[in-house]
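Structural description and commentary
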Amino acid sequence: GYKMNRLSNYCGKWIKHCSWYPDTKLRLWDSTKGKWGGRNPHDKLEMEKNAKICHLKGDLFHYTYYSISEHVAQANKFTDITAENAFLDGKKSNYLKIIFKPIIKFLRDYFFNLGFLDGYYGFIICQISANATFLKYIKLKQLQQRKNEKY
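Residues numbered from 1 in each chain as written. Predicted model: local features only at pLDDT ≥ 70, side-chain atom pairs only at ≥ 80, totals over all residues. Heavy atoms only, no water.

**Points about helix 1 (residues 68-88)**
A rise of 1.5 Å per residue sets the reference length of helix 1, with its 21 residues, at 30 Å; its end C-alpha atoms lie 30 Å apart and thus fit the reference within 8%. Regarding helix 1, the residues found buried are His71, Ala75, Thr79, Ile81, Thr82, Ala83, Asn85 and Ala86. Taken together, the buried residues of helix 1 touch strand 1 (2-10), strand 4 (34-39), strand 5 (42-47), strand 6 (54-65) and helix 3 (119-150). Within two residues after helix 1, Gly90 carries a phi angle of roughly 80°, on the positive side. (Helix = DSSP H or I, 4+ residues; strand = E, 2+ residues; numbered from the N terminus. Expected span 1.5 Å × (residues − 1). Buried < 20%, exposed > 50% of the residue type's maximum accessible area, 1.4 Å probe, protein only. Contact = heavy atoms within 4.5 Å.)

**Here we look at the environment of Ser19**
Relative to the helices and strands, Ser19 resides in the loop between strand 2 (13-15) and strand 3 (24-28). Accessibility expressed as a relative area gives 37% for Ser19, which makes it partly exposed. Sequence separation of Ser19 and Arg108 is 89 residues, and the distance between their C-alpha atoms is 8.7 Å. Beyond its immediate sequence surroundings of up to four residues, Ser19 is in contact with Arg108, Asp109 and Asn113. A polar atom in the side chain of Ser19 sits 2.7 Å from the side chain of Asp109. (Polar contact = N/O pair within 3.5 Å; in protein donor to acceptor, adjacent residues only side chain to side chain.)

**Comments concerning the pairing of strand 4**
As paired elements, strand 4 and strand 5 share six bridges and run antiparallel to each other. Following the sheet pairing, Gly38 is matched in strand 5 by Asp43. What sits between strand 4 and strand 5 in their antiparallel hairpin is a turn of two residues. (Pairing = 2+ DSSP bridges.)

**A look at the packing of aromatic side chains**
Following the criterion strictly, the structure yields 13 aromatic pairs and no others. Seen in terms of ring centroids, Tyr110 and Phe111 are 5.1 Å apart; in terms of plane orientation they differ by 85°. Their pairing is edge-to-face. Plain terms: the ring middles of Tyr110 and Phe116 are 6.1 Å apart, the flat faces sit at 70° to each other, and that makes the pair edge-to-face. For Tyr110, a relative accessible area of 16% gives the class buried. Through a chain of ring-to-ring contacts, three or more aromatic side chains come together here, namely Tyr10, Trp20, Tyr65, Tyr120 and Tyr121. One Lys or Arg, Lys141, reaches over the ring of Tyr95 and ends 5.0 Å from the middle of that ring. (Phe/Tyr/Trp six-rings, centres within 6.5 Å; stacked < 30°, edge-to-face > 60°. Lys NZ or Arg CZ within 6 Å of the ring centre and 35° of its normal.)

What follows is the structure in structure tokens.
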């Protein structure tokens, strides 16, 4: 198999920080030695244990979102899926997670992962990512509450 760095284009700008780059992905493989696995929305290619994986130089161009509203809509859709998966896995949410996980996510992506170097869109990406973290935990909390109301 061959993996490569994925460089994302967001609203016409190449994003090189914010936890978005290098975003290494396995994209070329011998179909007899790999198969799709993982869980939606984070499906991934899984290779056999003895399969050799090499890293190709260069970047795979990935055109993500053409508008901020498109990104917000996708984040809302993905948080439905991730909250449901977390609920099925028995994970729990609480008010501390709802408050602090989004703050930590923003600080990590914007400051530690240098999202500020991507300018205006770096800020937008980090803010939407932090909001998605918030949504995931409040949706998980709501699923927990609905389960408790049934019993």
